[in-house]
Amino acid sequence: MSLHRRTLLKGLLGGAVVAVGLPPLERFLNAHGTAYAAGGDDGFPRRFGLFFWGNGMLPERWTPKASQADWELSDQLQALAPFKNRLAVITGTKLGVPNDVPHTSGAAGVLSGRPLIVQGSNHSFAGPSLDQLIAAKLGADTRFRSLEFGAKPGDGHSWNGPNSRNPPESSPFALYQRVFVQGFTKPGDTPKIDPTLALRRSVLDAVGQQMQAIRAQVGAADQKRLDQHFEGVRALENRLARLQESPPKLDACKVPATPPADFPDVAGRPQLAEKNKAFAEISAYALACDQVRVFSNWFTAPVNNVLFPGASTGHHELTHNEGNPQPEVHAITLHCIAALAAQLEALAAVQEGAGTLLDHMVVLGTSDVSFGKVHSLEEFPLVLAGSAGGKLKTNVHYRSPASENTSKVLLSICRAVGLDLASFGVDDAQTKDGLGAIEA
Amino acid sequence: MAVPVRSTRAADAISGACLAVWAAIACACSDPAAEPAGVAEAYPVLVPAPPALPRLTRAHFDNTVVDVLGGGLTLPPQLEPDPPYDELLAVGASVAQVSPRGVELYEDAARSLAAQVAAEPARLQALLPCTPIGPEDATCLGAFVAKVGRRLWRRPLTGAETAAIVQTALAAGKALGTVAHAVQWALVPLLQAPAFLYRVERGEPDPSVQGGRRLTGLERAGRLAFFVWNGPPDDALLDAAAAGKLDDAQAWAAEVDRLLAAPKARRGVRQFALEWLQLHELGALNKDPKVYKHFSPDLGASAREEVLRRVEHIALDQDGDLRQLLTSDHAFVDRRLAAIYEEPAVADTGFADIALTVHPERRGLLGTVAFLALASHPISTSPTLRGMYVRKHLLCDIVPNPPAGLNTALPEPSTTAKTMRERLQAHMAVKSCASCHKYLDPIGFAFERFDGIGRWRATDAGTPVDTSGRLDGATFADLASLGAVIAQSPKFRRCVVQRLYAFAVARPVTDGEAGEIDRLSDTFASGGMRLRGLMRAVARSDGFRRVGAGAPTGATP
């Protein structure tokens, strides 16, 4: 679809600046947040959020006692109590990937369903991570394809494909600037005329053409690298085309408060909870203002050695070195789940129609291992929040009776947000069926 | 794309997840037969690696901006990261792909830098080769694009390329009204072009080798400058390349020497030290301040600077033997490091070269905060991590990941096992642990008189520390003598060469280049292990100059 004719700015390069009013596009949302077309059954667009923390949990204190409807939150999930009726907790599943590189293999397994590519000390996902797989479909209509951020600075695991990952933002202030300041037009407002947008697009167009010329001169592996780069250039070009559009007002949209520029360590401890809260609010309103429909929150990384408040040493170190029953590891897991709760709280605070933003999306909370001490890929931690507009069951604990493939849950998520996938994962991690127990 | 066959083999073996195989690989760490003979024999014939497409690393990007647009600009806060590959960032940038987010970051960076240049009349004037008569002066804008573009792209622009950029600049000048805007929008496309972000190495027929290929003069100029200067070629080097002068061996050697003698060679030496010794990791140094009173968040930066200065000093100030890096009894310290070394502070700010007198065991790299703190845990030392660092980065041994599912817990102190050595003995009793730990821990015990951030301690858990051990058959008594053992090891010598060569070509090294590494190792040894001489030898090697067959046009995997 060519968007050029719909931009407000016309004929800049010819010297004349003319603002043109246009009827709303089909992909815009109306004031109530429902789509003119192409949304879910309820009219709201589908969204997806990933919340990832490193180093796993303690399966015995994680797993809720009962299954199905009469379930109760376990020790480690207590922070999620306000959202219990919107959760689906899945336990007892197993990743179908080899555990070649402790921690990283698990992250690749749960997020891509593919074994990690290992070349010496370089490790790469073999395919896109869940957030990017979904963004390829849900990210086409918004200003940002996806947003990646995380309280603990790191590389995250948002992969486009082999050797290509999206670096997460680790400053809430920087993310705020990106989403709500630079180039932001609140839905319903008329965008400020920006004559540089046409220039930027024409530069990107030229860059794309130059890349095609170089592509013909390099080997196959480098062609792939250029193709990936080219895709990013085209995506940015398309997004710039949107900046002069005038989407209608959105009731749920609000510009959140500016976060602090700095979160200095307190007593030698990073302020991860506070940073995460700021990220949660920004991401929630980025969705509510329909600037993006997919985010990934990399709260902490696999193998992270963060000194959490009250902990005697780093997280990773404790998972291996603390004696059972690992009270400190338990306390850190509670911090991580509290951070997930903060993310959910921000999403549930946004009213959309008769429900909340959280109801119209699904958030997956997961980690790189289950029991960190032994890098286990069984009993994998999976928390789903939100029903994706009624596509997923909520207020349920499903306990797999026979170590089912974790990929089934991932496939259910993909289908719930509107992806038409025949299967998810490869080899032992492949599945053609979702997990019926959580599908509505 | 070249594939590092050496490391892939190891990885394949491990993915079998077979403990026996894994143990066998670990054993290879110290198999004396695996050591190079160190005798100049017939070297395996060079099979040149196929052309690569290195992307500018973060350091390359920043230094190009500084060298071409001038210092004092605010550099982008974030760019596409450089993931290490074969332990080096420069190699990783040849393998990694630019993500959609990375594209945004490059675009932001280009616009921000161009706007900053346009906002400073003096800088603008210095960059312009002419005085534009107005924002529509296509001739002067064209001269600007040709001049600055050649430096940024490391090659002359074609007429069509220049014209296209001038068109953008003219459009901007017309819409926005000033010369500064026109120049700004000439820079924006120059700074995000693939010709800027990537080093395209296609090669050309090599008249000296039947059917062979070599990098073109311009491609070689770029490779040399990014290697030696960690930045772009200057006008003189580009002029020489454009005039075809670099194809002459003597002229090439003269250019190599000119670059090595220039102050900018410090950047190259420092960047190599940073990547080889993993000093970039010090940015995220994480220690519990309750355990380590001398820890502060900027300790990592001080520790990094100390080692960078040491390498710089040995390689360039002294043109000395690189083995001093492991044996020197001097240290570059600021007040923070002096306090940790228990030496008197020299100056309120900055670094000074001091003789270490308080603890004579503290010697060279292995006695620095950089090494001792980096290869430790947040609250304790780690003989395993320290041994692993020595194996991986100083000896280039391949250390596989521990098998998944193993309980890798550091054994807790007990009444019978109080010291770190005693606690780790538990690993030796378990075959699956011992297969690797026995190649790592005994090295690491040498450092046990230095705590998790590098402060001296005579005892561990109240017991005097036993620091003696063996490395690949040689015995050592403590940190200082271990440093001497490593310095004499042929593996250390070859490791430096292997890393420097990969850093220089900025792509994974292929099996066909093993002979080059062997030959350069011998050259390095016979030259007294001088890093500058080794850099010269690498830059003049056939492996640096030649390239394999180009990719067929339009080839797809």
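The rules behind each value
Counting of residues starts from 1 at the beginning of each chain's written sequence and follows it residue by residue. All chains are assigned letters beginning at A, and all ligands numbers beginning at 1, according to the order in which they are written. The predicted origin of the model limits local features to residues at a pLDDT of at least 70 and limits the giving and counting of side-chain atom pairs to 80 or more, whereas totals for whole chains, interfaces and linings rest on all residues. Every helix listed is a DSSP run of H or I at least four residues long, and every strand listed is a run of E at least two residues long, numbered separately from the N terminus. With the radius of gyration taken over C-alpha atoms, the globule rule is written as 2.2 Å times the number of residues to the power 0.38. Any residue whose C-beta has 12 or fewer other C-beta atoms within 10 Å is treated as exposed, any with 20 or more as buried, and any in between as partly exposed, C-beta atoms being built from the backbone. By the convention adopted here, residues make contact when the C-beta atoms placed from their backbones lie within 7 Å. For two strands to pair, DSSP has to find at least two bridges joining them. Residues are grouped as follows: Ala, Val, Leu, Ile, Met, Phe, Trp, Tyr, Cys and Pro are nonpolar; Asp, Glu, Lys and Arg are charged; every other residue, Gly included, is polar. Note on method: axes are straight lines fitted to C-alpha atoms, helices fitted across the in-contact stretch only, with angles between N-to-C directions ranging 0 to 180 degrees. In what follows, roughly perpendicular refers to angles from 65 to 115 degrees, roughly parallel to angles under 35, roughly antiparallel to angles over 145, and oblique to any angle outside these ranges. On a scale of 0 to 100, pLDDT captures the predictor's confidence in every residue. Residue ranges assigned to the domains are those given by an automatic or database domain assignment. Crossings are sorted by hand: turned counterclockwise from the far helix by less than a right angle, the near helix makes the crossing left-handed, and turned clockwise it makes it right-handed. Put simply, a nonpolar core is a cluster of buried Ala, Val, Leu, Ile, Met, Phe, Trp, Tyr and Cys residues tied together by C-beta atoms within 7 Å. An expected span of 1.5 Å times one less than the residue number is assigned to each helix. As used here, the arc is the angular range of directions from the helix axis to the C-beta atoms.

*Asks:* Tell me about the overall build of chain A, and please be specific about residues and values.
*Replies:* Check the secondary structure of chain A and you find 10 helices and 15 strands. Here the C-alpha atoms of chain A give a radius of gyration of 22 Å, agreeing with the 22 Å that 2.2 N^0.38 yields for 440 residues. Taken along the three principal axes of its C-alpha coordinates, chain A extends 75 × 55 × 50 Å. Classification of the 440 residues of chain A by burial places 62% in the buried group. The long-range share in chain A, meaning contacts at least 24 apart out of those at least 6 apart in sequence, stands at 70%.

*Asks:* Break down the overall build of chain B for me, citing the residues and quoting the values.
*Replies:* Of the regular secondary structure elements, chain B holds 26 helices and 9 strands. Intrachain contacts of chain B at a sequence separation of at least 6 include 69% that bridge at least 24 residues.

*Asks:* How would you explain the sheet that holds strand β1 (residues 204–205) of chain B if you had to name every residue and give the values?
*Replies:* Residues and elements named next belong to chain B. One open sheet holds the 3 strands; their spatial order is β1-β2-β9, and the pairing between them is antiparallel. Both outer strands of the open sheet, β1 and β9 (546–547), are each paired with one neighbouring strand and no more. The sheet contact formed by strand β2 (residues 213–214) and β9 spans 2 bridges and is antiparallel. Following the sheet pairing, R213 is matched in β9 by V547.

*Asks:* Give me the interface of chain A and chain B: which residues, what numbers.
*Replies:* The interface of chain A with chain B comprises 63 residues on the first partner and 68 residues on the second. When contributions to the side of chain A that touches chain B are tallied by element, the ones reaching two or more residues are β5 (117–119), β9 (164–165), α5 (196–215), α6 (220–242) and α8 (315–321) of chain A. No other element matches the 13 residues that α6(A) contributes to the side of chain A that touches chain B. Grouping the constituent residues of the side of chain A that touches chain B by class yields 23 nonpolar, 28 polar and 12 charged.

*Asks:* Tell me about helix α25 (residues 531–539) of chain B, residues and numbers included.
*Replies:* Counted residue by residue, α25(B) has 7 buried out of 9 residues, so it is predominantly covered. Along α25(B), the residues that are buried comprise B:L531, B:R532, B:L534, B:M535, B:A537, B:V538 and B:A539.

*Asks:* Describe the packing of α5(A) against helix α8 (residues 159–176) of chain B, and please don't skip the residues or the numbers.
*Replies:* When two helices pack together, you describe them by how their axes are tilted relative to each other and by the distance separating the axes. Where α5(A) contacts α8(B), the two axes come as close as 11 Å, and the packing angle between them is 175°. Between α5(A) and α8(B), the crossing angle belongs to the class labelled roughly antiparallel. Counting all contacts with α5(A), which are made through A:L199, A:S202, A:V203 and A:A206, the residues of α8(B) involved are B:A164, B:T168, B:A171 and B:A172. When its residues are assigned to classes, the contact of α5(A) with α8(B) shows 6 nonpolar, 2 polar and no charged.

*Asks:* I'd like to hear about the confidence of the model for chain B, residue by residue, with values.
*Replies:* Residue and element names in this part refer to chain B. Looking at chain B, pLDDT values average 89 and 90% of them are 70 or higher. Counting contacts from residues 1–38, a segment whose pLDDT is below 50, to residues more than four positions away or on other chains yields 72 contacts. Predicted confidence for residues 552–557 stays below pLDDT 50, and this span has 8 contacts to residues more than four positions away or in other chains.

*Asks:* An account of the environment of B:A251 is needed here, citing residue identities and associated values.
*Replies:* All names here are of chain B. Mapped onto the elements, A251 comes out in helix α13 (residues 249–261). On the basis of neighbour count, A251 is assigned to the partly exposed category, with 15 C-beta atoms found within 10 Å. If we ignore the near neighbours within four places in the chain, the residues touching A251 are A240, K245 and L246.

*Asks:* Any details on the pairing of strand β10 (residues 294–298) of chain A? Residues and values, ideally.
*Replies:* Judged by how many residues are buried, β10(A) sits mostly within the fold: 5 of 5 residues are covered. What you see with β10(A) is no split at all: A:V294, A:S296 and A:W298 on one side and A:F295 and A:N297 on the other are buried throughout.

*Asks:* Account for unusual backbone geometry, with residues named and values stated.
*Replies:* Each neighbour pair has its own omega, and for A:N324 with A:P325 the value is 5°, a cis peptide bond. Mapped onto the secondary structure, A:P325 falls in the loop between α8 and α9 (327–348). With a phi angle near 70°, B:E87 is a residue other than glycine that sits in the positive phi range. Here B:E87 shows up in the loop between α3 (58–69) and α4 (89–95). If you check the backbone angles, B:E342 has positive phi at about 60° while not being a glycine.

*Asks:* Account for the domain arrangement of chain B, naming residues and giving values.
*Replies:* Structurally, chain B comprises domain 1 (5–25 + 34–51 + 490–537), domain 2 (58–197), domain 3 (204–262) and domain 4 (269–405 + 416–488). The gap between the C-alpha centroids of domain 3 of chain B and domain 4 of chain B is 39 Å.

*Asks:* Describe the sheet that holds strand β4 (residues 87–91) of chain A, and please don't skip the residues or the numbers.
*Replies:* Strand pairing within a sheet occurs via backbone hydrogen bonds; the two strands may be parallel or antiparallel. Residue and element names in this part refer to chain A. The strand order across the open sheet built from 7 strands is β7-β10-β3-β13-β14-β4-β15, with neighbouring strands paired in mixed fashion. Looking at the sheet topology across the chains shown, the edges are occupied by β7 (147–149) and β15 (396–399). Along the sheet, successive strands turn relative to each other by an average axial angle of 15°, direction set aside. One ladder, built from 4 bridges, connects strand β13 (residues 361–366) with strand β14 (residues 382–385); its direction is antiparallel. Pairing of T366 across the sheet is with L382, part of β14. With respect to the sheet, helix α3 (residues 130–138) is in contact with β3 (47–52) and β10, its orientation differing from that of β3 by roughly 165°.

*Asks:* Any details on the packing of helix α7 (residues 138–153) of chain B against α8(B)? Residues and values, ideally.
*Replies:* Residue and element names in this part refer to chain B. Relative to each other, α7 and α8 sit at 125°, their axes nearing to 9 Å. Comparing the axis directions of α7 and α8 gives the class oblique. α8 is crossed by α7, and the crossing has right-handed handedness. Residues A138, L141, G142, V145, A146 and G149 of α7 form the contact with α8, whose participating residues are T162, I165, V166, A169 and L170.

*Asks:* Describe in detail the environment of A:R242, supporting the description with residues and values.
*Replies:* Residue and element names in this part refer to chain A. Mapped onto the elements, R242 comes out in helix α6. The exposure class of R242 is buried, given the 21 C-beta atoms found within 10 Å. Considering only alpha carbons, one finds R242 and V255, 13 residues apart in sequence, at a separation of 19 Å.

*Asks:* Can you break down the nonpolar core residue by residue, with the values?
*Replies:* In this structure, B:V228, B:A273, B:L500, B:Y501 and B:V538 are the most contacted members of the largest nonpolar core, which totals 109 residues. The element best represented in this core is helix α23 (residues 490–505) of chain B, accounting for 10 residues. When sequence neighbours within four positions are dropped, the list of residues in contact with B:V228 reads B:L259, B:L260, B:A265, B:G268, B:M535 and B:A539. One finds A:F125, A:F149, A:F279 and A:I337 within the second-largest nonpolar core, a separate group that totals 107 residues.

*Asks:* Lay out α13(B) with the relevant residues and their values.
*Replies:* Residue and element names in this part refer to chain B. For α13, which comprises 13 residues, the first-to-last C-alpha distance of 18 Å matches the rise-based estimate of 18 Å (1.5 Å per residue) to within 8%. For α13, the complete set of buried residues consists of W252, E255, V256, L259 and L260. One face of α13 carries all of its buried residues, which in axial projection span an arc of 135°. For α13, the exposed residues set more than 90 degrees away from the buried face come down to Q250 and A261. Buried residues belonging to α13 abut α11 (217–228), α12 (235–242), α14 (265–276) and α25.

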